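# Observations on chain architecture
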Amino acid sequence: MSSGGVGGSGLLCRLGARARSVWAKHDAVGDGWLPLWRHMEDSAWVAGQLWDGWLPGSVRGLITDALPSGEADGRQLVVWLAAVHDIGKATPAFACQVDSLAEAMRVVGLAMRSRQGMGPDRRLAPHGVAGQLLLGEWLEERCGWSPGATGQFTVAVGGHHGVPPERGQIKALDEHEELLRTPGPSREAWRQVQAELLDACAAEYGVGERLEAWRSVRLPQPVQVLLSAVVIVADWIASNPDLFPYFPDAAGLSGEERCAAAWRGLDLPEPWRAEKPAGGAQELFASRFALPAEAKVRPVQETAFDLAREMYGPGLMVIEAPMGEALTQAPWQASAWYRNRYRSRTPEDLIVLREATADEQGTANTLRDQPVSFDPAHRRHTWRTVVTTTVPVPGRTAVPARHEPFDAWEDESA
């Protein structure tokens, strides 16, 4: 087995033979594999692309508002977290799973027991939990962080398969260091490799100088969730072997060639962005609804359009009009102005519940929510017939899933 890769690759040139030997992925059918350094680079690159061209401005804004240098810090942080998210695979508990790959690591001095020899305790060290613990140790020992400051950052590593570790899981693994580093002469070799990989990521992605400033940051919980989400999506994409093929077949590609081909193959659509509508209510009405050419804007619709255009902040517009007119046509005519003004907010489809007309009785539902008595002690309701519809937000595009990373939950070799 060779560590593979093109010599000029960023992380590869920062690593020694032991760190290069650590593996991240294995294909049991074709016996292909991927070194950890390569998956680190793939994931970091994808995270940068997601930040630059896919994340909504509202998401980026929440993250950057919590960081001292704003936008620059936000991008660096998500790229770095994506790079280090699988550091927990640089442990004997993970590496022992594939005999041929484990043996190649033993040859360079990273001793480990077999998978069977690890016994049931190996289940205490899923690589996400191991990664959160290792990254926290590195931040404390290498960068001088306090134990209380690390968790808000390292949770994105621990939870990159969807569920953040509980304190009990971290404590249980911390009491079984043999799962993180093989005891004896090899213990220090494992520690050096883990630190070498984390040092290389800090240098390659430029966070070494930022860690001092981030040490005093307090990340709100919503920001921690969003950072975890970006890491999850980046890992999801970078774990697709159709986009990021395994070695040895793909070992001859440079990082730039590999990532550019993957991004073309993914063909991820650009995020939806609101556009300021041209013209007045009549022009917008004609472009939005498939109605006869002679159809004209009604007064309530024109009023809604004008009111939305004049709104200076998020608010509630209440429209009273004949049944159906207010609910199905006026709101979305007005919303083009509203969405353009607040385009950084993530749009959602609108569910419309309205009373059924005479010709809809056969397909309508009934709800007992029509009040007939307003006495607080004896309030009564009667039935009414309703129709539930949705009004789609124009411009949204559904992207079919091509790869399911959570299939790997039961198979730690993924």
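Quick look at the structure, then. Each chain has its residues counted from 1, following the order in which its sequence is written. Two thresholds apply to this predicted model, a pLDDT of at least 70 for residue-level local features and 80 or more for giving and counting side-chain atom pairs, whereas whole-chain, interface and lining totals are computed over all residues. In computing side-chain values, all of the structure's heavy atoms are included and hydrogens and water are not.

### Some thoughts on the side chain of S186
The numbering of helices and of strands both runs from the N terminus, where a helix is a DSSP run of H or I of at least 4 residues and a strand a run of E of at least 2. By secondary structure assignment, the location of S186 is in the loop between helix 10 (167-174) and helix 11 (187-204). Think of a polar contact as two N or O atoms within 3.5 Å of one another; within protein, one of them needs to be a possible hydrogen donor and the other a possible acceptor, and neighboring residues in sequence only count if both atoms come from side chains. Here A111 takes part through its backbone nitrogen, which lies 2.9 Å from a polar atom of the side chain of S186.

### Comments concerning the environment of T385
Here T385 is to be found in strand 5 (residues 380-391). The rule is simple: take the accessible area with a 1.4 Å probe, protein chains only, and divide by the maximum for that residue type; under 20% is buried, over 50% is exposed, in between is partly exposed. With relative accessibility at 24%, the residue T385 sits in the partly exposed group. Sequence separation between T385 and T357 is 28 residues; the distance between their C-alpha atoms is 8.7 Å.

### Focus: the pattern of salt bridges
Opposite charge on two side chains makes pairing possible when the charged atoms of those side chains draw close. A carboxyl oxygen of Asp or Glu within 4 Å of a side-chain nitrogen of Lys or Arg is what we treat as a salt bridge. Applying the stated criterion across every chain yields a total of 18 salt bridges. For E103, the salt bridge identified is with R106, shortest N-O distance 3.1 Å. Taken together, the residues E103 and R106, both in helix 6 (residues 99-107) and three residues apart, mark about one turn of the helix. For E103, a relative accessible area of 42% puts it in the partly exposed group. Under the relative-accessibility criterion, R106 is labelled partly exposed at 26%. Between D306 and R309 there is a salt bridge whose closest N-O contact spans 3.0 Å. Residue D306 and its partner R309 are both found in helix 16 (residues 299-310); the two are separated by three residues, about one turn of the helix. With a relative accessible area of 27%, D306 lands in the partly exposed category. Residues joined in a network through salt bridges with shared partners are E137, E141, E177, R181, R187 and R191.

### Focus: the environment of Q224
With respect to the secondary-structure elements, Q224 resides in helix 13 (residues 221-238). Separated by 68 residues in the primary sequence, Q224 and A156 have C-alpha atoms spaced 7.0 Å apart. When residues no more than four places from it in sequence are discounted, the contact partners of Q224 are Q152, V155 and L219. Only heavy atoms matter for contacts: two residues are in contact if any of them lie within 4.5 Å across the pair.

### Thoughts on the packing of helix 2 (residues 36-53) against helix 4 (residues 70-84)
Put simply, helix 2 and helix 4 touch, their axes get as near as 7 Å, and they point 150° apart. Between helix 2 and helix 4, the crossing angle belongs to the class labelled roughly antiparallel. In the packing of helix 2 onto helix 4, the handedness of the crossing is right-handed. Counted together, M40, S43, A44, A47, G48, W51 and D52 of helix 2 and E71, G74, R75, V78, V79, A82, A83 and V84 of helix 4 form the full contact between these two elements. For this classification, the nonpolar set comprises Ala, Val, Leu, Ile, Met, Phe, Trp, Tyr, Cys and Pro, the charged set comprises Asp, Glu, Lys and Arg, and every other residue, Gly included, is treated as polar. Of the residues belonging to the contact of helix 2 with helix 4, the class tally is nine nonpolar, three polar and three charged. Each axis is a line fitted through C-alpha atoms, and for a helix only the stretch in contact is used; angles between axes span 0 to 180 degrees, taken between their N-to-C directions. Our angle categories are set so that under 35 degrees counts as roughly parallel, over 145 as roughly antiparallel, 65 to 115 as roughly perpendicular, and the remainder as oblique. By definition, turning the near helix anticlockwise from the far helix through less than a right angle yields a left-handed crossing, and turning it clockwise yields a right-handed one.

### Things to note about the nonpolar core
Formed by 80 residues in total, the largest nonpolar core has its most connected members in W80, W138, L197, L211 and W214. Once you skip the residues sitting within four places of it in the chain, W214 turns out to touch L67, P68, D73, Q76, L77, W80, W145, F153 and V207. Buried residues of nine kinds, namely Ala, Val, Leu, Ile, Met, Phe, Trp, Tyr and Cys, make up a nonpolar core once their side-chain atoms join them within 4.5 Å.

### Quick notes on the packing of aromatic side chains
Each pair of aromatic rings taken from Phe, Tyr and Trp, with Trp reduced to its six-membered ring, is defined by centres within 6.5 Å and is described as stacked if the planes are under 30 degrees apart, edge-to-face if over 60, and tilted in the remaining cases. Per the counting criterion, the structure on display carries eight aromatic pairs. The interplanar angle of 85° and the centroid separation of 5.7 Å between the aromatic rings of W45 and W263 together place this pair among those described as edge-to-face. Here W45, found in helix 2, pairs with W263, found in helix 14 (residues 255-266); they are 218 residues apart in sequence, far enough to count as distant. The partly exposed category is assigned to W45, whose relative accessible area is 30%. On the basis of relative accessible area, W263 is assigned to the partly exposed category, the value being 23%. Ring centres 6.4 Å apart and planes at 40° place the aromatic pair W80 and W138 in the tilted group. In this pair, W80 sits in helix 4 while W138 sits in helix 8 (residues 127-143), placing the two residues 58 residues apart along the sequence. The class of W80 is buried, set by a relative accessible area of 0%. The class of W138 is buried, set by a relative accessible area of 5%.

Geometric values such as these leave the question of function open.
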